[in-house]
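# Remarks on the overall topology
The lines below spell out each chain.
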Amino acid sequence: QVQVVESGGGLVQPGGSLRLSCAVSGSPANLVGIGWYRQPPGKQRKLVARITSDDVIKYGDFVEGRFTLGRYNADNMVYLQMNSLKPEDTAIYFCNADVYDGAASLVKDFWGQGNQVTVSS
């Protein structure tokens with residue numbers, strides 16, 4: 001059973017930094033990619049950053065060099081380092097894992113519970 005567990009959200013002042021962490025358990029050998037998405041109040045969920053199994057990283061346009069996605073010393077654990085945070089970065093941040101299901105020959109999505117990030121003075 002694949003589980004996605006996030007940690008590290010909270011309240012930070014504008015210009016501050018936060019690090020979010022995500023651990024995927026259950027099928028680390030079949031991981032296609034791990035990504036962070038965010039959903040501000042009343043808006044759609046959007047990609048923040050994603051890393052594939054061969055370490056290709058894609059960032060959302062709004063990141064503008066402020067965030068860094070990286071791996072811990074395990075392929076199934078990643079972090080999102082967020083610097084120069086702005087009030088508009090306030091959102092629930094979700095970790096997503098794409099896992100290949102060989103029996104069904106398709107990629108399945110698994111989501112964490114979401115972590116609130118609030119940027120406010």
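Look up a bit, the structure's there.
For clarity, every value in this text was computed on a predicted model and none was experimentally measured.

Rules used throughout
- Residues numbered from 1 in each chain as written.
- Predicted model: local features only at pLDDT ≥ 70, side-chain atom pairs only at ≥ 80, totals over all residues.
- Heavy atoms only, no water.
- Helix = DSSP H or I, 4+ residues; strand = E, 2+ residues; numbered from the N terminus.
- Rg over C-alpha atoms; globule rule 2.2 N^0.38 Å.
- Buried < 20%, exposed > 50% of the residue type's maximum accessible area, 1.4 Å probe, protein only.
- Contact = heavy atoms within 4.5 Å.
- Pairing = 2+ DSSP bridges.
- Axes fitted to C-alpha atoms, helices over the stretch in contact; angles between N-to-C directions.
- Disulfide = S-S within 2.5 Å.
- Phe/Tyr/Trp six-rings, centres within 6.5 Å; stacked < 30°, edge-to-face > 60°.
- Lys NZ or Arg CZ within 6 Å of the ring centre and 35° of its normal.

So, on to the overall build of the protein chain. A count of helices and strands for the protein chain gives 0 helices and 11 strands. Starting at the N terminus, the α and β elements of the protein chain follow one another as β-β-β-β-β-β-β-β-β-β-β. Compactness check: the protein chain gives a C-alpha radius of gyration of 14 Å against a globular reference of 14 Å for 121 residues, within 12% of the reference. The buried share of the protein chain, taken over its 121 residues, is 42%. Within the protein chain, counting contacts between residues at least 6 apart in sequence, those at least 24 apart form 53% of the total.

Here 4 strands make up an open sheet; going across it, the order is β1-β3-β8-β7 and the pairing antiparallel. Of all the strands in the sheet, just β1 (3-7) and β7 (67-71) have a single pairing partner and so form its edges. Taking the axes of each pair of neighbouring strands and ignoring which way they run, one obtains an average angle of 15° across the sheet. With 5 bridges joining them, β1 and strand β3 (residues 18-25) adopt antiparallel strand pairing. Across the sheet, the residue bridging to Ser7 is Ser21, located in β3.

Glancing now at the state of the cysteines. In total, this model carries 1 disulfide according to the counting rule given. Here Cys22 connects covalently by a disulfide to Cys95, the sulfurs 2.0 Å from one another. The sign of the S-S torsion, about -85°, decides the handedness of the disulfide formed by Cys22 and Cys95: left-handed. Here Cys22 is found in strand β3, whereas its partner Cys95 is found in strand β9 (residues 91-101), with 73 residues between them in sequence. Considered together, Cys22 and Cys95 belong to a single accessibility category, that of buried residues.

Attention shifts here to the environment of Ile34. Among the secondary structure elements, Ile34 is positioned in strand β4 (residues 31-39). For the pair Ile34 and Cys22, spaced 12 residues apart in sequence, the C-alpha to C-alpha distance is 8.7 Å. Apart from the residues lying within four places of it in its own chain, the contact partners of Ile34 are Cys22, Val24, Ala49, Arg50, Ile51, Leu69, Asp75, Asn76, Val78, Cys95 and Asn96.

With that settled, consider the packing of aromatic side chains. Overall, the coordinates contain 3 aromatic pairs when judged by the stated rule. Look at Tyr37 and Trp111: their rings are 5.2 Å apart centre to centre, the planes differ by 65°, and that puts the pair in the edge-to-face class. Taken together, the positions of Tyr37 in strand β4 and Trp111 in strand β10 (residues 106-111) put the pair 74 residues apart, joining distant regions of the chain. The buried category is assigned to Tyr37, whose relative accessible area is 19%. With relative accessibility at 35%, the residue Trp111 sits in the partly exposed group. Cluster of aromatic residues (ring-pair linked, three or more members): Tyr37, Phe94 and Trp111. Positioned above the aromatic ring of Phe94, the side-chain terminus of Arg45 is 3.7 Å from the ring centre.

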